[in-house]
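# Structure at a glance
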Amino acid sequence: LHVHSIPVLAVPPTSLKLYATSFGTANKREVIEARRKELPGWQIMKTGKTGKVLTSVDENKVDAVWLMSIGCHLLGYPLVPVTPWRERALEKLTLPPGVRR
């Protein structure tokens, strides 16, 4: 991304967990459950080498959806309800240079 001058925002795991679940020490299951509750239309399953959808949730994709949600929120387009804990999760995050809300 840096090679192509695409801005990047580093989000600490505790901020992602806080944003998703309301506490920064959430485990993977809690982050996955928060996605099911807050973003029910997003079916995030693992896929096999041939692209076949498997029956288990892909934890990395769940994190990616929450990171996308954080980015949308910072840009002024929250995908989930704005709550005090979500605002707290974003307090220390700053959009990269050149990115405007």
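Scroll up for the structure.
Structural notes, computed from the coordinates.

Conventions and cut-offs
Residues numbered from 1 in each chain as written. Predicted model: local features only at pLDDT ≥ 70, side-chain atom pairs only at ≥ 80, totals over all residues. Heavy atoms only, no water. Helix = DSSP H or I, 4+ residues; strand = E, 2+ residues; numbered from the N terminus. Buried < 20%, exposed > 50% of the residue type's maximum accessible area, 1.4 Å probe, protein only. Patch = residues over 30% accessible without salt bridge, like charges linked within 9 Å, V, L, I, M, F, W, Y side chains within 5 Å. Areas by Shrake-Rupley, 256 points an atom, 1.4 Å probe, with all protein chains shown as cover. Salt bridge = Lys/Arg side-chain N within 4 Å of Asp/Glu carboxyl O.

## Some points on the environment of threonine 25
Structurally, threonine 25 can be placed in the loop between helix 1 (13–21) and helix 2 (28–38). Threonine 25 sits in the exposed class, given a relative accessible area of 69%.

## What about unusual backbone geometry?
The phi dihedral of serine 5 falls on the positive side, at around 60°, and the residue is not glycine. Within the secondary structure layout, serine 5 lies in the segment before helix 1. The exposed category is assigned to serine 5, whose relative accessible area is 65%. Phi at serine 22 takes a positive value of approximately 90°, unusual for a residue other than glycine. By the secondary structure assignment, serine 22 is in the loop between helix 1 and helix 2.

## Focus on a nonpolar patch on the surface
Nonpolar side chains collect at one region of the surface, where Leu1, Ile6 and Val8 lie side by side and expose about 270 Å² of accessible area between them. Mapped onto the fold, isoleucine 6 is located in the segment before helix 1. For isoleucine 6, a relative accessible area of 41% gives the class partly exposed.

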